[in-house]
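# Structural overview
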Amino acid sequence: MSVPNAALQRLRLRTELRKARTAARLTQRQVATKMEWSPSKLIRIEAGEVGISVNDLRPLLETYGIRDRRKIDELLDMARGSRRMPYSEYRDLYSKEFLEFLALESSASVIRHYGALLIPGPLQTEEYARAIMLSYNKHIPEERLERGVEVRLARQELLTSGGRELFYVLDEAVVRRHVGGRGVMRAQLERLAELSAMPGLNIQILPFSIGAHAGIQGPFSLFEFEADEMPDSLYLENPRGDTYTTTAPEETGRYLERFWELEDLAVKEDIGTLLRALASRMEEGRDDLEQLAGGTPVDAGDAEDAVAQE
């Protein structure tokens, strides 16, 4: 097993500290009083929002009654390795919930993502990423825009760092929507086609023709970790930007079954060929519904022929 990164170290440490406090039958307030900390400090440590120094961790472990030398050394090593979280320099740009998502993503050995609306961040081209951010806020300051694009490009390390399995199921709407215009979208589709051939990276398309399905409720991400003590995590985000993360087995298990169901429904063969063909048709303007809706009226037979050619 490779040396865990800072995010995984912090995730493991917070899990261990919660378990130790529970085993000691202490509340967060009781621990904060004993340590002469503010309650918010312990809450943030247990939430993984901040790291904990070795000097703070030693007396905390004494408070929890941990005496085993090996266990103490293991936890101290986690604390040392967790000080520098990935993307921490972007705390002014993103919410703590999204930074936690980035930590989970960068630490996971298996990532499963269902995308209902957009190309997932690690698969985006620079131009697509910029167009998405401008669609959120047309008046975004240039410096903020460039830093946001920088984060998306940094996340592409997932694709090349090795040791991971990546599974992406994308709704057909994701590859049909002209984000940034036809030129930008064609380049994005061609990039997806290239990525689909990479070992360990699986891209599938969920066609409109299957009708309503379980994923229609919205996008979600599932993360699995090499460390046995790290539970699977589920991340949800709704259109308002509210997020929900849980490690509850009944929920992660339910969404894992949902993901497998979507995989069974999705197109998985010759994805690269399909995406390149769609990119070509998009550039030529032969995939535009507005042409059918706003141009010369077409009869039902012509419309069926047009759809069949897609």
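Keep in mind the model is a prediction, meaning the values are calculated, not measured.

If you trace the backbone, Leu 236 turns up in strand S5 (residues 233-237). For Leu 236, a relative accessible area of 18% puts it in the buried group. Distance in space between the C-alpha atoms of Leu 236 and Gly 218 is 8.2 Å, their sequence separation being 18 residues.

Right, let's get into empty space enclosed by the protein. Across all of its chains, the model carries one cavity of 30 Å³ or more by this definition. In this structure, the largest cavity spans a volume of roughly 40 Å³. Around the largest cavity, the lining residues are Arg 10, Leu 13, Arg 14, Ile 45, Val 50, Gly 51, Ile 52 and Ser 82. The greatest single-element share of the lining of the largest cavity, amounting to three residues, is contributed by helix H1 (residues 6-23). When grouped by side-chain class, the residues that make up the lining of the largest cavity number four nonpolar, two polar and two charged.

Where helix H2 (residues 28-35) contacts helix H3 (residues 39-47), the two axes come as close as 8 Å, and the packing angle between them is 115°. Crossing angle aside, the handedness with which H2 passes H3 is right-handed. Residue-level contacts link Gln 28, Arg 29, Val 31 and Ala 32 of H2 to Pro 39, Leu 42, Ile 43 and Glu 46 of H3. Of the residues that constitute the contact of H2 with H3, the class distribution is five nonpolar, one polar and two charged.

Considering every residue of the protein chain, the mean pLDDT works out to 85; 88% of them sit at 70 or more. The low-confidence segment residues 295-310, where pLDDT is below 50, has nine contacts with residues more than four positions distant or belonging to other chains.

Moving on, we come to the packing of aromatic side chains. Taken as a whole and judged by the stated rule, the model has eight aromatic pairs. On the basis of an interplanar angle of 70° and a centroid distance of 5.0 Å, the ring pair of Phe 220 and Tyr 255 is categorised as edge-to-face. Note that Phe 220 is positioned in strand S4 (residues 220-224) and Tyr 255 in helix H12 (residues 249-265), a separation of 35 residues in sequence. No difference in accessibility class separates Phe 220 from Tyr 255, as the two residues are buried. Here a set of aromatic residues connected by ring pairs shows up, and it is made of Tyr 94, Phe 98, Phe 101, Phe 223 and Tyr 235. The ring of Phe 167 has Arg 112 sitting right over it, with the charged end atom 5.3 Å from the ring centre. Its end group placed over the ring of Tyr 255, Arg 258 keeps NZ or CZ at 4.6 Å from the ring centre.

The two faces of a sheet get side chains in turn, since along a regular strand they alternate between them. Across the six residues that make up strand S1 (residues 110-115), a large majority, six, are buried. The alternating pattern of S1 places Val 110, Arg 112 and Tyr 114 and Ile 111, His 113 and Gly 115 on opposite faces, both of which are buried. Strand direction decides the pairing type here: S1 and strand S2 (residues 165-171), joined by six bridges, are parallel. Paired with Ile 111 across the two strands is Leu 166, which belongs to S2. Sheet topology note: the S1/S4 ladder contains five bridges and is antiparallel. Bridge pairing links Val 110 to Glu 224 in S4.

Quick notes on the rules
Residues numbered from 1 in each chain as written. Predicted model: local features only at pLDDT ≥ 70, side-chain atom pairs only at ≥ 80, totals over all residues. Heavy atoms only, no water. Helix = DSSP H or I, 4+ residues; strand = E, 2+ residues; numbered from the N terminus. Buried < 20%, exposed > 50% of the residue type's maximum accessible area, 1.4 Å probe, protein only. 1 Å grid on protein atoms, 1.4 Å probe; cavity = no way out; pocket = protein on both sides within 12 Å on 5 of 7 lines; lining within 4 Å. Points joined across faces, edges and corners; volume = space filled by probe spheres on them. Nonpolar A, V, L, I, M, F, W, Y, C, P; charged D, E, K, R; others polar. Axes fitted to C-alpha atoms, helices over the stretch in contact; angles between N-to-C directions. Left-handed = near helix turned anticlockwise from the far one by under 90°. Contact = heavy atoms within 4.5 Å. pLDDT = per-residue confidence, 0-100. Phe/Tyr/Trp six-rings, centres within 6.5 Å; stacked < 30°, edge-to-face > 60°. Lys NZ or Arg CZ within 6 Å of the ring centre and 35° of its normal. Pairing = 2+ DSSP bridges.

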